[in-house]
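What follows is each chain in one-letter form.
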Amino acid sequence: MADLPDMPIGQLATITGEGVKALRYWTDFGLLTAERRPSGYRHYPPEAAEQVRFIRSAQAAGFTLDEIRRILAARQDGRKPCEHVKADLDAHLKTVRAQIAHLQTLEAQLQAKVTWAEEHPDPACDSAGCVYLEDTPRA
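- Taking an unreviewed UniProt entry as the reference, the protein is identified by name as Mercuric resistance operon regulatory protein belonging to Deinococcus carri.

Here it is as structure tokens:
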């Protein structure tokens, strides 16, 4: 790609499947570099398409835009960000596992409420909201 000319934002959007708004936002946020032409239009280097794919991949792995900017900045400075990225991946994995555990607990609580509601289709409902949502419903 190094011998390809730079491209306008619309072409980058077409190549990557991203919206122009997202590309503008990422550029303003410092994730993508673009040159302004005398006309005011942004033009992106050929490697921008690869950077866009990286941004989406990193987001899919749970990285924030700030974290992605830090990774790209390290790469631009000629440093390998891999050690830092691995530590972030480990942290994201721990967070996801904690969220999964929380969701499993919530699933069990909801299942218990649904089961109770099915067993009590017409309960006495004199609570502030709904008996089905009480901690210990009353029949």
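Don't stop here, the text continues.
Remarks on the sheet that holds strand β3 (residues 42–44)
Phase 1 of the analysis: As summarised here, the arrangement of the three strands in space is β1-β3-β2, forming an open sheet in which the pairing is antiparallel. Single-partner strands in this sheet number two, and they are β1 (7–8) and β2 (35–36).

A look at the side chain of H43
Phase 1 of the analysis: For H43, the location among the structural elements is in strand β3.
Phase 2 of the analysis: For H43, a relative accessible area of 17% translates into the label buried.
Phase 3 of the analysis: Leave out the neighbours within four places in its chain, and H43 touches D6, M7, P8, A34, E35 and R37.

Concerning helix α3 (residues 48–60)
Phase 1 of the analysis: For α3, spanning 13 residues, the distance from its first C-alpha to its last is 18 Å, which sits close to the expected 18 Å at 1.5 Å a residue.
Phase 2 of the analysis: As for α3, its buried residues are in contact with α1 (9–16), α2 (20–29), β3 and α4 (65–76).
Phase 3 of the analysis: G62, located one to two residues past α3, shows a positive phi value of around 95 degrees.

What to know about the packing of α3 against α4
Phase 1 of the analysis: One can describe the packing of α3 onto α4 by two numbers: an axis separation of 10 Å at closest approach and a directional angle of 135 degrees. Taken together, the axes of α3 and α4 lie oblique to each other. Judged by the twist between their axes, the crossing of α3 over α4 is right-handed. Where α3 approaches α4, its residues F54, I55, A58 and Q59 are matched on the opposing element by L65, I68, I71 and L72.
Phase 2 of the analysis: Partitioned by chemical class, the residues of the contact of α3 with α4 number seven nonpolar, one polar and no charged.

Describing the state of the cysteines
Phase 1 of the analysis: The full count for this structure, using the stated rule, is zero disulfides.
Phase 2 of the analysis: Here C130 stays unpaired: no disulfide links it, and the sulfur of C125, its closest cysteine neighbor, is 4.4 Å away.
Phase 3 of the analysis: Taking the relative accessible area as the measure of exposure, C130 reaches 30% and is therefore partly exposed.

Brief notes about the packing of aromatic side chains
Phase 1 of the analysis: Applying the stated criterion across every chain, the model contains two aromatic pairs.
Phase 2 of the analysis: Relative to F29, the ring of Y25 lies with its centre 5.9 Å away and its plane at 20 degrees, an arrangement referred to as stacked. Of this pair, Y25 and F29 both sit in helix α2, four residues apart, which is roughly one turn of the helix.
Phase 3 of the analysis: Residue class for Y25 comes out partly exposed when judged on its relative accessible area of 46%.
Phase 4 of the analysis: Consider the rings of W116 and Y132, whose centres lie 6.0 Å apart with planes at 75 degrees: the pair is edge-to-face. Within this pair, whereas W116 is found in helix α5 (residues 82–119), its partner Y132 is found in the segment after α5, the two being separated by 16 residues in sequence.
Phase 5 of the analysis: Assessed through its relative accessible area of 16%, W116 is described here as buried.
Phase 6 of the analysis: A cation over an aromatic ring shows up here: R69 above the ring of F29, its NZ or CZ 4.0 Å from the ring centre.

Each value, and the rule that gives it
Residues numbered from 1 in each chain as written. Predicted model: local features only at pLDDT ≥ 70, side-chain atom pairs only at ≥ 80, totals over all residues. Heavy atoms only, no water. Pairing = 2+ DSSP bridges. Helix = DSSP H or I, 4+ residues; strand = E, 2+ residues; numbered from the N terminus. Buried < 20%, exposed > 50% of the residue type's maximum accessible area, 1.4 Å probe, protein only. Contact = heavy atoms within 4.5 Å. Expected span 1.5 Å × (residues − 1). Axes fitted to C-alpha atoms, helices over the stretch in contact; angles between N-to-C directions. Parallel < 35°, antiparallel > 145°, perpendicular 65-115°, else oblique. Left-handed = near helix turned anticlockwise from the far one by under 90°. Nonpolar A, V, L, I, M, F, W, Y, C, P; charged D, E, K, R; others polar. Disulfide = S-S within 2.5 Å. Phe/Tyr/Trp six-rings, centres within 6.5 Å; stacked < 30°, edge-to-face > 60°. Lys NZ or Arg CZ within 6 Å of the ring centre and 35° of its normal.

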